[in-house]
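# Descriptive structure summary
Take a look at the letters that make up each chain.
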Amino acid sequence: MIWFKDYKLDYLQGARSGHMARHIGIEFTEIGPDFLKARMPVDERTTQPFGILHGGASCVLSETLGSVASWMTIDPEKFRAVGLEINANHIRAVTKGWVSGTCTPLHTGRRTQVWQTDITEEATGKRVCISRLT
């Protein structure tokens, strides 16, 4: 397991999911030995004027997952984890339902970390976006 301590989902839902994540409905769903998962609704909060999932909302899901996962690997009494750079490839449109993100580490160094988030449509399992956060 890569986490600094044994975090529980209810803790993440309360203490770590405030502000933007709560505003757009992000819910943490699973903590694995080396991954973190969350889901986000595709609704009026997360779509663009054409009625499809906003690319910025996908970036918020990726940033939320990557930042929280990074924070979970460090001593929170001594350090903070914040995003330095994010990129995203938007692969297909989604108009309703939920998308899920699975975040895994590509690199966890002493000063920087790189996390990849694979976002899929829950109903079909099809990839919607792939994103990388440093």
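Summarised in this report is the structure supplied together with it.

Basis of the calculations
Residues numbered from 1 in each chain as written. Predicted model: local features only at pLDDT ≥ 70, side-chain atom pairs only at ≥ 80, totals over all residues. Heavy atoms only, no water. Helix = DSSP H or I, 4+ residues; strand = E, 2+ residues; numbered from the N terminus. Rg over C-alpha atoms; globule rule 2.2 N^0.38 Å. Buried < 20%, exposed > 50% of the residue type's maximum accessible area, 1.4 Å probe, protein only. Pairing = 2+ DSSP bridges. Axes fitted to C-alpha atoms, helices over the stretch in contact; angles between N-to-C directions. Contact = heavy atoms within 4.5 Å. Phe/Tyr/Trp six-rings, centres within 6.5 Å; stacked < 30°, edge-to-face > 60°. Lys NZ or Arg CZ within 6 Å of the ring centre and 35° of its normal.

## Remarks on the overall build of the protein chain
On a plain count of helices and strands, the protein chain comes out with 3 helices and 6 strands. Rg of the C-alpha trace for the protein chain: 14 Å, near the compact-globule value of 14 Å for 134 residues, within the 12% margin. With respect to the principal axes defined by its C-alpha atoms, the protein chain has extents near 45 × 25 × 25 Å. A buried classification covers 40% of the 134 residues belonging to the protein chain.

## Structural notes on the sheet that holds strand E1 (residues 27-31)
Within the open sheet, the 6 strands sit side by side as E1-E2-E4-E5-E6-E3. Their pairing is antiparallel. The open sheet has two free edges, formed respectively by E1 and strand E3 (86-90), since each of these has just one partner strand. Across the sheet, the mean angle separating the axes of adjacent strands is 20° when strand polarity is ignored. Sheet topology places strand E5 (residues 113-121) next to strand E6 (residues 127-133); 6 bridges connect them, and they run antiparallel. Counted as the bridge partner of aspartate 118 is isoleucine 130 from E6.

## Structural notes on the side chain of threonine 117
In this structure, threonine 117 sits in strand E5. The buried category is assigned to threonine 117, whose relative accessible area is 1%. Apart from the residues within four sequence positions on either side, threonine 117 is in contact with Ser62, Leu65, Gly101, Thr102, Cys103, Cys129, Ile130 and Ser131.

## So, the environment of lysine 126
Among the secondary structure elements, lysine 126 is positioned in the loop between E5 and E6. In the structure, lysine 126 is positioned 35 residues away from isoleucine 91 in sequence and 9.5 Å away in space, judged by C-alpha atoms.

## Some points on the packing of aromatic side chains
This model, assessed by the stated rule, comprises 4 aromatic pairs. A centroid spacing of 4.9 Å and a plane angle of 45° characterise the contact between tyrosine 7 and tryptophan 71, whose relative ring orientation is tilted. Linking tyrosine 7 in the segment before helix H1 (9-16) with tryptophan 71 in helix H3 (residues 55-72), this pair joins segments that are 64 residues apart in sequence. Across this residue pair, the class does not change: tyrosine 7 and tryptophan 71 are buried. Between tyrosine 11 and tryptophan 71, the aromatic rings sit 6.2 Å apart at their centres with planes inclined by 15°, giving stacked as the arrangement. With tyrosine 11 in helix H1 and tryptophan 71 in helix H3, the pair connects residues that are 60 residues apart, well separated along the chain. Given a relative accessible area of 39%, tyrosine 11 falls into the partly exposed group. Through successive ring pairs, a cluster of aromatic residues spans Tyr7, Tyr11 and Trp71. A cation sits over an aromatic face here: arginine 39 above tryptophan 98, 3.6 Å from the ring centre.

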